[in-house]
Amino acid sequence: MDENIIENTDPIYELHCIRHSTAHIMAHAVEQMFPDAKFAIGPVIKDGFYYDMALPRNLNDDDLVEIEKRMKDIVKSNNPFRRDEWDKDKAREWFGEHHQDFKLELIDGITDEKVTIYTEGDFTDLCAGPHVRYTKQCKNFKLLKTSGAYWRGDEKNPMLQRIYGTAWKTKEELDLHLNQLEEAKKRDHRKLGKELELFFFHPYAPGSPFWLPKGNTIFQILSSKIREYNARNGYVEVRTPQLFKKDLWETSGHWEHYKDDMFNFESEEETYSLKPMNCPSHMLIFKSQLRSYRDLPIRIHDQGVLHRNEDSGALGGLTRVRMFSQDDAHVFATEETLKQEINSILTMIKRIYSVFDMKFSVSLSTRPENFMGEPELWDMAEKMLEEVIIENELEYKLNKGDGAFYGPKIDYLVTDAIGREFQTATTQLDFQLPRRFDLTYVDKDNSFKHPIVIHRAMYGSLERFIGILIEHYAGIFPLWLAPVQCHVINISDRHAEYAHKVSNLLAERGIRAVVDDRNETMNYKIREAQLKKIPYMLIVGDKEMEAESIGVRNLKGGDLGLATVSDFIEQITAEAKMDF
RNA sequence: GCCCUUGUAGCUCAGUGGUAGAGCACAUCCUUGGUAAGGAUGAGGUCACGGGUUCAAGUCCCGUCGAGGGCUCCA
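Keep in mind the model is a prediction, meaning the values are calculated, not measured. All residue numbers here refer to positions counted from 1 along the written sequence of the relevant chain. Starting at A for chains and at 1 for ligands, labels are handed out in the order in which the entities are written. Reporting of local features is limited, given that this is a predicted model, to residues whose pLDDT is at least 70; pairs of side-chain atoms are given and counted only at 80 or more, and all residues count toward the totals for whole chains, interfaces and linings. Side-chain figures throughout are based on the complete set of non-hydrogen atoms in the structure, without hydrogens or water.

Trainee: Describe the overall build of chain A, with residues and values.
Mentor: To qualify as a helix, a DSSP run of H or I must reach at least 4 residues; to qualify as a strand, a run of E must reach at least 2; elements of each kind are numbered from the N terminus. What chain A contains, in helices and strands, is 18 helices and 30 strands. For chain A, the spread of C-alpha atoms along the three principal axes comes to 85 × 75 × 50 Å. Counting across all 580 residues of chain A, residues that qualify as buried make up 50%. A separation threshold of at least 6 residues defines the contact pool for chain A, and within that pool the share at least 24 residues apart is 70%. Calculation of accessible area relied on Shrake-Rupley with a 1.4 Å probe; when residues are assessed, cover is drawn exclusively from the protein chains displayed. Surface summary for chain A: the accessible area is close to 28,600 Å², and the carbon and sulfur share equals 49%. In this tally, Lys and Arg are treated as positive and Asp and Glu as negative; His is ignored, and so are the chain termini. Taken as the charge location is NZ of Lys, CZ of Arg, CG of Asp or CD of Glu. Taking the 76 positively charged and 96 negatively charged side chains of chain A as two groups, their mean positions are separated by 3 Å. The buried label goes to any residue with under 20% of its type's maximum accessible area, the exposed label to any with over 50%, and the partly exposed label to all in between, with areas taken from a 1.4 Å probe on protein chains only. When checking whether two residues touch, look at their non-hydrogen atoms; a contact exists if any pair is within 4.5 Å.

This is how it looks when you write it as structure tokens:
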């Protein structure tokens with residue numbers, strides 16, 4: 001029996017086995033509770049595992065407790081995992097008898113003659129393996145949550161129930177992981193957004209953030225920094241309409257692909273839509289003049305407000321909203337300048353993410369099923385993007401079939417505190433829209449040619465980017481981005497006037513300072529400034545008033561001692577300087 | 001949109017069918033302070049909304065809306 005078990009002591013492999021085996025143990029426990037359970041798939045994922053299954057009723061949190069209890073009993077009984085190879089016919093017969101419909105489908109999808117079967121105690125499952133030797137090796141686990149999941153990920157299929165769990169080799173690793181999850185919750189941008197008074201949502205406008213003064217300050221700083229950076233790199237900025245007739249979206253192809261995801265309404269017997277993106281506007285801008293090859297590349301930047309009618313269930317904090325702005329731009333290039341432009345965009349993206357000290361990963365998405373245009377063009381575009389990535393020595397993941405309907409794209413993904421990946425920047429090639437809009441420029445030989453369009457964004461959605469930044473910095477923003485840079489704290493009433501004088505001097509030099517002259521103790525005001533993550537606290541009392549100075553306290557560094565106001569202004573101005 | 005969870009004061013939360021609570025925040029007064037919470041008093045709630053069950057509903061049931069976790073989607 002035991003000789004069928006594969007031995008391997010590679011730690012990554014071992015952890016994989018532990019997680020996968022724990023998924024089996026979980027299914028085993030579920031089967032004890034629901035003998036009619038039909039099991040689908042139970043793979044290993046980052047930090048753990050899940051198992052999808054059809055059950056006679058929906059699970060609740062109490063069920064998870066019960067399942068966990070039963071799992072512990074199974075672990076304790078220390079059953080061995082036995083590996084068998086069955087002929088497919090035997091497997092079909094067995095799983096058929098046990099009414100495991102999903103397993104039967106899976107067996108049909110397996111090309112080998114034989115299938116592998118793992119048995120632990122009285123629970124038998126179709127499984128490629130491998131597994132641990134005994135259930136006791138799976139004692140460090142925790143079930144985390146239940147959710148719905150479509151069979152084979154297709155929303156037309158019935159919805160199954162999924163249980164997620166985490167599993168580790170040692171109790172220490174498990175506790176560390178659970179602790180990290182707790183820590184990550186503390187830096188959740190929704191929690192910090194409320195605590196730091198950055199933004200909020202109201203039920204009257206689901207998915208659309210209200211930017212409070214402090215959050216708006218961050219928004220405006222990011223917006224102006226990217227605006228300046230774009231300008232230095234040859235971009236011009238425009239403002240474009242919010243509402244368009246349906247005809248525009250039909251021309252662009254968005255109506256066909258996305259009409260259900262747009263906000264549409266009737267007015268004077270015409271259908272209008274709130275713009276879900278800027279590109280069609282920019283096509284019209286290009287078309288508004290006769291263009292020469294000498295004008296290209298033309299780089300148009302636009303931070304307009306966009307609306308997308310996202311599914312209610314998809315909304316979440318700032319990372320998935322219905323109203324947002326992008327640092328959007330479209331570059332109209334010739335074939336000769338195209339590669340240079342993509343390269344320059346990549347350089348800009350690298351610069352920006354280095355400023356935020358954020359790592360990004362790159363994915364290349366290729367032709368989807370519902371693509372428009374000629375396959376040859378797609379091939380050429382995909383090759384060019386790949387070349388640029390390789391020339392920039394970036395690792396990338398190939399996402400076959402994940403491109404936009406008009407062209408292939410490079411997406412840039414950053415990882416948040418909990419390890420969830422979010423798309424931010426993007427570079428998308430487009431040979432289609434210029435044709436659909438019949439955009440042309442006059443080339444050297446006096447012929448009309450279609451430009452090639454690059455859609456690109458660096459932050460992506462400002463909303464999402466700020467959400468990610470909040471978590472990245474745990475609310476402690478770098479000085480240049482901190483919505484309030486200084487709290488001027490007077491010790492008693494007689495120092496209030498001087499506190500305002502200091503604050504005014506700072507404000508004159510563009511430093512974002514606020515006087516906290518409430519009738520509270522200095523300690524109280526310091527505590528509150530610390531909790532609000534204000535970078536500098538400037539204490540003013542008798543001592544400071546006499547010397548025309550301030551007592552400087554740093555959020556992270558504590559009491560820094562006395563400084564003259566002018567010295568401090570000089571120092572903080574230098575410290576708060578940032579340009580991409 | 002689908003599955004699950006959830007909605008009590010501005011915030012964080014307690015309240016398991018029988019007269020709505022705490023801490024913080026807020027207001028007034030006292031206090032005038034030296035690097036993370038000074039004190040007293042007070043105001044503040046149609047328990048998200050709409051139905052239903054019950055002698056009686058914040059509490060149980062149904063629906064709507066919002067939020068959270070997933071699934072699907074993400075131009």
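Trainee: Break down the pattern of salt bridges for me, with residues and values.
Mentor: Each reported salt bridge corresponds to a side-chain nitrogen of Lys or Arg within 4 Å of a carboxyl oxygen of Asp or Glu. Under the criterion given, the structure shown has 38 salt bridges. Here lysine 501 ties to glutamate 548 by a salt bridge, and the two come within 3.3 Å at their closest N and O atoms. Of this pair, lysine 501 sits in helix α15 (residues 496-508) while glutamate 548 sits in the loop between α17 (542-546) and β29 (549-554); the two residues are 47 residues apart in sequence, bridging distant segments of the chain. Through salt bridges that share partners, Lys339, Lys383, Glu387 and Glu391 make up one connected network.

Trainee: So what's going on with the packing of aromatic side chains? Residues and values would help.
Mentor: Any two rings among Phe, Tyr and Trp, with Trp reduced to its six-membered ring, count as a pair given centres within 6.5 Å; such a pair is stacked if its planes are under 30 degrees apart, edge-to-face if over 60, and tilted if neither. Summed over the entire model, instances satisfying the criterion amount to 29 aromatic pairs. Between tryptophan 94 and phenylalanine 95, the aromatic rings sit 4.9 Å apart at their centres with planes inclined by 80 degrees, giving edge-to-face as the arrangement. Here phenylalanine 95 falls in the buried class, since its relative accessible area comes to 1%. Ring geometry for tyrosine 258 and phenylalanine 405: centres 6.1 Å apart, planes at 40 degrees, overall tilted. Separated by 147 residues along the polypeptide, tyrosine 258 in helix α9 (residues 254-258) and phenylalanine 405 in the loop between β20 (396-399) and β21 (409-415) bring together distant segments of the chain.

Trainee: So what's going on with the protein's contact with RNA strand B? Which residues, and what values?
Mentor: Lining the immediate surroundings of RNA strand B are 59 residues, of which Asn58, Ser312, Ile491, Asn519 and Glu544 lie closest. Note on definitions. A residue lies near a molecule or strand when any single heavy atom of the residue is within 4 Å of it. Within 4 Å of the protein, atoms of RNA strand B come from sugar and phosphate in 52% of cases. One of the backbone N or O atoms of glycine 148 is found 3.1 Å from a base oxygen in RNA strand B. Within the residue set of the surface near RNA strand B, elements represented by two or more residues are β7 (141-150), β8 (159-167), α6 (189-195), α9, α16 (522-531) and α17. Among the residues making up the surface near RNA strand B, the classes are represented as 20 nonpolar, 19 polar and 20 charged. For the purposes of these results, a polar contact is taken to be a pair of N or O atoms within 3.5 Å, where, inside protein, one atom must be able to donate a hydrogen and its partner to accept one; residues adjacent in sequence count only when each atom of the pair is a side-chain atom. Amino acid classes used here: Ala, Val, Leu, Ile, Met, Phe, Trp, Tyr, Cys and Pro are nonpolar; Asp, Glu, Lys and Arg are charged; the rest, including Gly, are polar.

Trainee: Now, about the packing of α15 against helix α18 (residues 565-575): what can you tell me, with residues and values included?
Mentor: When two helices pack together, you describe them by how their axes are tilted relative to each other and by the distance separating the axes. For helices, the fitted axis covers only the stretch in contact; all axes are lines through C-alpha atoms, and the angles between them, taken along N-to-C directions, range from 0 to 180 degrees. Where α15 meets α18, the axes come as close as 10 Å, and the angle between the chain directions of the two elements is 35 degrees. Handedness of the α15/α18 crossing: right-handed. On α18, the residues touching Tyr498, Val502, Leu505 and Leu506 of α15 are Val565, Phe568 and Ile569. Its residues assigned to classes, the contact of α15 with α18 comprises seven nonpolar, no polar and no charged. Left-handed describes a crossing whose near helix is turned anticlockwise from the far helix by less than a right angle; the clockwise case is right-handed.

Trainee: Give a detailed account of helix α11 (residues 335-355), specifying residues and quantitative values.
Mentor: Helical geometry note: an α-helix holds 3.6 residues per turn, so side chains three or four residues apart project in the same direction. Between the first and last C-alpha of α11 there are 32 Å, a value that for 21 residues agrees with the 30 Å anticipated at 1.5 Å per step. For α11, the complete set of buried residues consists of Leu338, Glu341, Ile342, Ile345, Leu346, Met348, Ile349, Ile352 and Tyr353. Buried residues of α11, seen end-on, are gathered within an arc of 160 degrees and therefore sit on one face of the element. Of the residues in α11, the exposed ones pointing more than 90 degrees away from the buried face are Glu336 and Gln340. Here the expected length of a helix is defined as 1.5 Å per residue gap, with one fewer gap than residues. The arc refers to the directions leading from the helix axis to the C-beta atoms.

Trainee: Residues and numbers for the domain arrangement of chain A, please.
Mentor: Bring the parts together and some accessible area is lost; that lost area is often taken as the interface size. An automatic or database domain assignment supplies the start and end points of every domain. Once the domains are mapped, chain A shows domain 1 (11-187), domain 2 (212-240 + 291-472) and domain 3 (486-575). A separation of 40 Å is found between the C-alpha centroids of domain 1 and domain 2.

Trainee: Pulling in residues and values, what's your account of empty space enclosed by the protein?
Mentor: The rule is simple: put a 1 Å grid over the protein atoms alone, call a set of points where a 1.4 Å probe fits but cannot get out a cavity, call an open set with protein on both sides within 12 Å along at least five of seven lines a pocket, and count a residue as lining if it has an atom within 4 Å of a point. Grid points are joined across faces, edges and corners, and a volume is the space filled by probe spheres set on the points. Counted by the stated rule, this structure contains two cavities of 30 Å³ or more. Here the largest cavity defines a volume of roughly 90 Å³. Lining of the largest cavity is provided by Leu196, Leu198, Lys214, Gly475, Phe477, Ala482, Pro483, Val484, Lys532, Lys533, Ile534 and Pro535. By residue class, the composition of the lining of the largest cavity is eight nonpolar, one polar and three charged.

Trainee: Account for the layout of surface pockets, naming residues and giving values.
Mentor: One number sums up the size of the largest pocket: a volume of about 1,200 Å³. Forming the boundary of the largest pocket are 45 residues, of which Tyr258, Arg308, Lys409, Gln423 and Gln428 lie nearest the centre. Elements represented by at least two residues in the lining of the largest pocket include exactly α9, β18 (323-333), β19 (360-365), β20, β21, β22 (421-430) and β25 (452-461). Sorting elements by how many residues they give to the lining of the largest pocket places β25 first, with five residues.

Trainee: Please give an account of the confidence of the model for chain A that cites residues and values.
Mentor: Taken as a whole, chain A shows an average pLDDT of 92; of its residues, 97% reach a score of 70 or greater. Contacts for the low-pLDDT stretch residues 1-6, under 50 throughout, to residues beyond four places or in other chains number eight contacts. Complex prediction metrics read pTM 0.93 and ipTM 0.94. Across the chain, each position has a pLDDT score giving the predictor's confidence in that residue, from 0 to 100.

Trainee: Can you explain the sheet that holds strand β14 (residues 270-274)? Please cite residues and give values.
Mentor: Strand pairing in a sheet is mediated by backbone hydrogen bonds. Such pairs are either parallel or antiparallel. Here three strands make up an open sheet; going across it, the order is β12-β14-β13 and the pairing antiparallel. Here the strands that pair on one side only, and so sit at the sheet edges, are β12 (243-245) and β13 (264-267). Strand-to-strand twist across the sheet, computed as the mean angle between neighbouring axes with direction ignored, equals 40 degrees. In this description, strands pair whenever DSSP reports at least two bridges between them.

Trainee: Residue-level account of the sheet that holds strand β4 (residues 81-87), with values.
Mentor: Ordered in space as β4-β5-β6, the three strands form an open sheet in which the pairing is antiparallel. On the outer flanks of this sheet lie β4 and β6 (123-126), each paired with one strand and no other. For this sheet the average axis-to-axis angle between neighbouring strands, irrespective of direction, equals 25 degrees. Pairing analysis gives four bridges linking strand β5 (residues 114-120) to β6, with the strands arranged antiparallel. When the bridges of β6 are listed, isoleucine 117 appears paired with leucine 126. On the sheet, helix α3 (residues 88-97) packs against β4, β5 and β6 and is oriented at approximately 115 degrees with respect to β4.

Trainee: Residues and numbers for unusual backbone geometry, please.
Mentor: Following leucine 296, the chain continues to proline 297 via a peptide bond in cis, the omega torsion being -5 degrees. Turning to its location among the elements, proline 297 is positioned in the loop between β15 (291-292) and β16 (298-302). Notably, arginine 152 is not glycine yet its phi reads approximately 60 degrees, a positive angle. Within the fold, arginine 152 resides in the loop between β7 and β8. For arginine 152, a relative accessible area of 52% translates into the label exposed. You will see that alanine 474, though not glycine, has its phi angle at about 50 degrees, which is positive. On the secondary structure map, alanine 474 appears in the loop between α14 (462-472) and β26 (486-490).

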